[in-house]
Amino acid sequence: MDLDSAVRLVDDRVAAFRTEAELPGVSYALLKDGDVVHLAGAGTTVLDAGSPPDADTVFRIASMTKSVTASAVLLLRD
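As the structure is a computational prediction, the values presented were derived from the model and not from experiment.

Points about the overall build of the chain
1) Next: Across its full length, the chain holds two helices and two strands.
2) Next: Starting at the N terminus and ending at the C terminus, the chain contains elements arranged as α-β-β-α.
3) Next: Computed over C-alpha atoms, the radius of gyration of the chain comes to 15 Å, more than 25% over the 12 Å expected from 2.2 N^0.38 for 78 residues, which places it beyond the range of a compact globule.
4) Next: Summarising its shape, the C-alpha atoms of the chain cover approximately 45 × 35 × 25 Å along the three principal directions.
5) Next: Relative to its 78 residues, the chain shows a buried fraction of 13%.
6) Next: Here the contacts in the chain between residues at least 6 apart in sequence split such that 21% fall between residues at least 24 apart.
7) Next: Distance between charge centroids for the chain: 8 Å, based on 7 positive and 12 negative side chains.

Some remarks on the pairing of strand 1 (residues 25-32)
1) Next: Looking at chain direction, strand 1 and strand 2 (residues 35-43) are connected through eight bridges and run antiparallel. Paired with Ala29 across the strands is Leu39, a residue of strand 2.

Quick look at unusual backbone geometry
1) Next: Of note, Glu22 is a non-glycine position whose phi angle comes to about 55°, a positive value.
2) Next: Assignment of secondary structure puts Glu22 in the loop between helix 1 (3-20) and strand 1.
3) Next: Since its relative accessible area comes to 69%, Glu22 is described here as exposed.
4) Next: With a phi angle near 55°, Asp33 is a residue other than glycine that sits in the positive phi range.
5) Next: Here Asp33 is to be found in the loop between strand 1 and strand 2.

Digging into the side chain of Thr44
1) Next: Tracing the sequence through the fold places Thr44 in the loop between strand 2 and helix 2 (64-77).
2) Next: Residue Thr44 is classed as buried on the basis of its relative accessible area, which comes to 15%.
3) Next: For Thr44, the side chain forms a polar contact with the main-chain oxygen of Ser51, separated by 3.5 Å.
4) Next: If sequence neighbours within four positions are ignored, Thr44 has contacts with Pro24, Gly25, Ala49, Gly50, Ser51, Pro52 and Pro53.

A few points about a nonpolar patch on the surface
1) Next: Residues Leu31, Val36 and Leu39 make up a contiguous nonpolar surface patch of roughly 300 Å² in combined accessible area.
2) Next: For Leu31, a relative accessible area of 56% corresponds to the exposed category.

Thresholds, definitions, all that
Residues numbered from 1 in each chain as written. Predicted model: local features only at pLDDT ≥ 70, side-chain atom pairs only at ≥ 80, totals over all residues. Heavy atoms only, no water. Helix = DSSP H or I, 4+ residues; strand = E, 2+ residues; numbered from the N terminus. Rg over C-alpha atoms; globule rule 2.2 N^0.38 Å. Buried < 20%, exposed > 50% of the residue type's maximum accessible area, 1.4 Å probe, protein only. Contact = heavy atoms within 4.5 Å. Lys, Arg positive; Asp, Glu negative; His and termini not counted. Charge placed at Lys NZ, Arg CZ, Asp CG, Glu CD. Pairing = 2+ DSSP bridges. Polar contact = N/O pair within 3.5 Å; in protein donor to acceptor, adjacent residues only side chain to side chain. Patch = residues over 30% accessible without salt bridge, like charges linked within 9 Å, V, L, I, M, F, W, Y side chains within 5 Å. Areas by Shrake-Rupley, 256 points an atom, 1.4 Å probe, with all protein chains shown as cover. Salt bridge = Lys/Arg side-chain N within 4 Å of Asp/Glu carboxyl O.

Spelled out as structure tokens, the structure:
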């Protein structure tokens, strides 16, 4: 699969996931060999504002870092 096809596929799947999960907005990036090859946003940053998220959008991650830390500790243990 070429890069353009992969980008279209990911864009379509992210848009479908955002709609299905009822997320107001999401931003994402595709990396190849450590370099960003595609950066996009879908939805809105502020409800009823209409501006899509971009590379500079800041999202709250809540308590997600606890799960990442716990997973890292378990990997080190194993």
